[in-house]
Amino acid sequence: MSVPPRIGFIGLGIMGRAMALNLVKAGFQVSVYNRTRRRTIEFADLGCQVSATPRALAKLCDTVITMVSDPEAMDAVMEGPEGVASAFAGGNTLINMCTLSPDYTSALAKKCFLAGVNFLDCPVSGSKGAAETAQLVILAGADKALLEKFSPVLKAMGKEIVHAGPVPAGTSLKLCINLIVAQLTTALAESAALARAQGIDPALIFETLGHNPALNCGYFGLKKDNILKQEYPPAFPLKHMLKDARFMLAEAAKKKLHLPVTAAVESLMTKSYNSGYGDKDLSVVLANLSEPLG
Ligand code: NAP
């Protein structure tokens, strides 16, 4: 990339904060917008420009990256008189990195195309720790040449880019990956519940898995403390995985495909969400069934 982009980053939550900090560390010129202004203070302290609206941010920058929670949040930052789309200028670029549905992503790509704006569909695999250490795996749905052009920006936030195909292939692949994550997390929580019910220390589950190379999955280590201590500080909030599970089921329904285990996990996550655990880590999924939260 001959001229470095002027990047506008929207959404400084668990993931976006760490990703934007890594762009700053990599030397990019970064401006930020976040709905809750307090989260921008550390960026102002680092010399980043803080914009009062998504439109003001998009006016300042040629490349906008979005990392907000869901389609409703995307609508809030993209649409209306203060939205990014109101400042779209031909030749500019939008890179979406949050997890949306394939349909939403395709519609967004079309809107960009009509405005002469480049669009990259780039959700990420990896949680808070991987975001902090720039070890995310970026799942890209994009034109190959465009992806190559922006790979220095993406590589400042992640270690690998998997090119899944054109838009919305990055998002479609992301849903396949999160299907596994949702089920693995529920399996761990359910296994721990069965261990406790039998008077077995759930720590022995993790010890056993660790001794077996075929079952020694790095993800288990990430959720071990939550499951053993029955404390669920959010790395990946349950409400976001519930959104993703609903996207998976909607995609499957369109193709007349049954995903029975995902459907069961979605229903468990819905119960957990309705019990008020949406902002806790996804590993809380069975807490309302097995034990009261401390
Ligand atoms: P988060 O901590 O909940 O942050 C959400 C961000 O979206 C915040 O900046 C929030 O602003 C903003 N937002 C929410 N509603 C908004 C609205 N109506 N208008 C404007 N801004 C709004 O979420 P996260 O964990 O970083 O996840 C972000 C995305 O990445 C999600 O799509 C998630 O599924 C995906 N993802 C998460 C993980 C993970 O492990 N956490 C991993 C991979 C992918 P405020 O600060 O004002 O609330």
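Along each chain, residue indices are assigned from 1 in the same order as the chain's sequence is written. Under the rules for a predicted model, residues below a pLDDT of 70 receive no local features and side-chain atom pairs below 80 are neither given nor counted, while totals for whole chains, interfaces and linings still include all residues. Just so you know, side-chain values use all the structure's heavy atoms and leave hydrogens and water out.

Asks: What exactly am I supposed to notice about the overall build of the chain here?
Replies: Numbered from the N terminus, helices here are DSSP runs of H or I no shorter than four residues, and strands are runs of E no shorter than two. Secondary structure summary: the chain contains 13 helices and 9 strands in total. Only C-alpha atoms enter the radius of gyration, while the globule expectation follows 2.2 Å times N to the 0.38, with N the number of residues. The globule rule puts the C-alpha radius of gyration for 294 residues at 19 Å, and the 20 Å found for the chain is close to it. Each of the three principal axes of the chain carries a C-alpha extent, and together these read 65 × 45 × 35 Å. We call a residue buried when its accessible area falls under 20% of the maximum for its residue type, exposed when it is over 50%, and partly exposed in between, using a 1.4 Å probe and counting protein chains only. Buried positions account for 49% of the 294 residues belonging to the chain. The contact criterion used is simple: two residues touch if any of their non-hydrogen atoms lie within 4.5 Å. Considering only residue pairs separated by 6 or more positions, the chain has 65% of its internal contacts joining residues 24 or more positions apart.

Asks: What exactly am I supposed to notice about the site of the ligand here?
Replies: To be near a molecule or strand, a residue needs just one of its heavy atoms within 4 Å of it. Around the ligand there are 26 residues in total, and Asn34, Thr36, Arg39, Ser69 and Ser127 lie nearest to it. In protein, a polar contact means a hydrogen-donor-capable atom and an acceptor-capable atom, both N or O and within 3.5 Å, with residues adjacent in sequence counting only if both atoms are side-chain atoms; elsewhere, any N or O pair within 3.5 Å suffices. Within the side chain of Arg39, one N or O atom sits 2.5 Å away from an oxygen atom of the ligand. Here Thr99 contributes a backbone N or O atom positioned 3.1 Å from an oxygen atom of the ligand. Computed on the free molecule, the ligand has an accessible area of 900 Å², of which 89% lies beneath the protein chains in the complex. Residue type decides the class: Asp, Glu, Lys and Arg count as charged, Ala, Val, Leu, Ile, Met, Phe, Trp, Tyr, Cys and Pro as nonpolar, and the leftover types, Gly among them, as polar. Its residues placed into classes, the shell around the ligand shows 13 nonpolar, 9 polar and 4 charged. Boundary definitions for the domains trace back to an automatic or database domain assignment. Residue-level mapping places the shell around the ligand at the junction of two domains, with at least three residues from each of domain 1 (6-167) and domain 2 (172-289). Only the protein chains shown count as cover for residues, and the accessible areas themselves come from Shrake-Rupley with a 1.4 Å probe.

Asks: Just checking my understanding: could you explain helix H1 (residues 14-25) for this structure?
Replies: For the α-helix, the turn length of 3.6 residues means that residues three or four positions removed from each other point alike. The length a helix should cover is 1.5 Å for every residue beyond the first. Under the 1.5 Å per step criterion, the end-to-end length of H1 is 17 Å for 12 residues, consistent within 8% with the ideal 16 Å. Within H1 the residues assigned to the buried category are Met15, Gly16, Ala18, Met19, Ala20, Leu21, Asn22 and Leu23. Immediately beyond the C-terminal end of H1, within one or two residues, lies Gly27, with a positive phi of roughly 95°.

Asks: Looking at this structure, how should I read the domain arrangement of the chain?
Replies: Often, the extent of an interface is quoted as the loss of accessible area upon association of its parts. The domains assigned to the chain are domain 1 (6-167) and domain 2 (172-289). The C-alpha centroid of domain 2 is placed 27 Å from the C-alpha centroid of domain 1. Contact residues are listed per partner, giving 17 residues for domain 1 and 15 residues for domain 2. The term buried area denotes the loss of accessible surface (1.4 Å probe radius) that occurs when two parts are joined, taken as the sum for both partners. Buried surface at the junction of domain 1 and domain 2, summed over both partners, amounts to about 1,200 Å²; 70% is from carbon and sulfur atoms. The term salt bridge refers to a pairing of a side-chain nitrogen on Lys or Arg with a carboxyl oxygen on Asp or Glu at a separation within 4 Å. There are 1 salt bridge connecting domain 1 and domain 2. The partner of Asp103 in a salt bridge is Lys254, with the nearest N and O atoms 2.9 Å apart. The interface formed by domain 1 and domain 2 holds 3 residue pairs in polar contact (both at pLDDT 80 or more) in total. Among the residues making up the side of domain 1 that touches domain 2, the classes are represented as 9 nonpolar, 5 polar and 3 charged.

Asks: Can you help me understand helix H10 (residues 218-229) in this one?
Replies: The complete set of buried residues in H10 reads Tyr219, Phe220, Lys223, Asn226 and Ile227. Taken down its axis, H10 places every buried residue within 125° of arc, on the same side. Seen from the open side of H10, the exposed residues pointing more than 90 degrees away from its buried face are Gly218, Gly221, Leu222 and Lys229. On its buried face, H10 sits against helix H8 (169-197) and helix H9 (203-211). Following H10 by one or two positions, Gln230 has its phi on the positive side, about 55°. Taking the helix axis as origin, the arc is that swept by the directions to the C-beta atoms.

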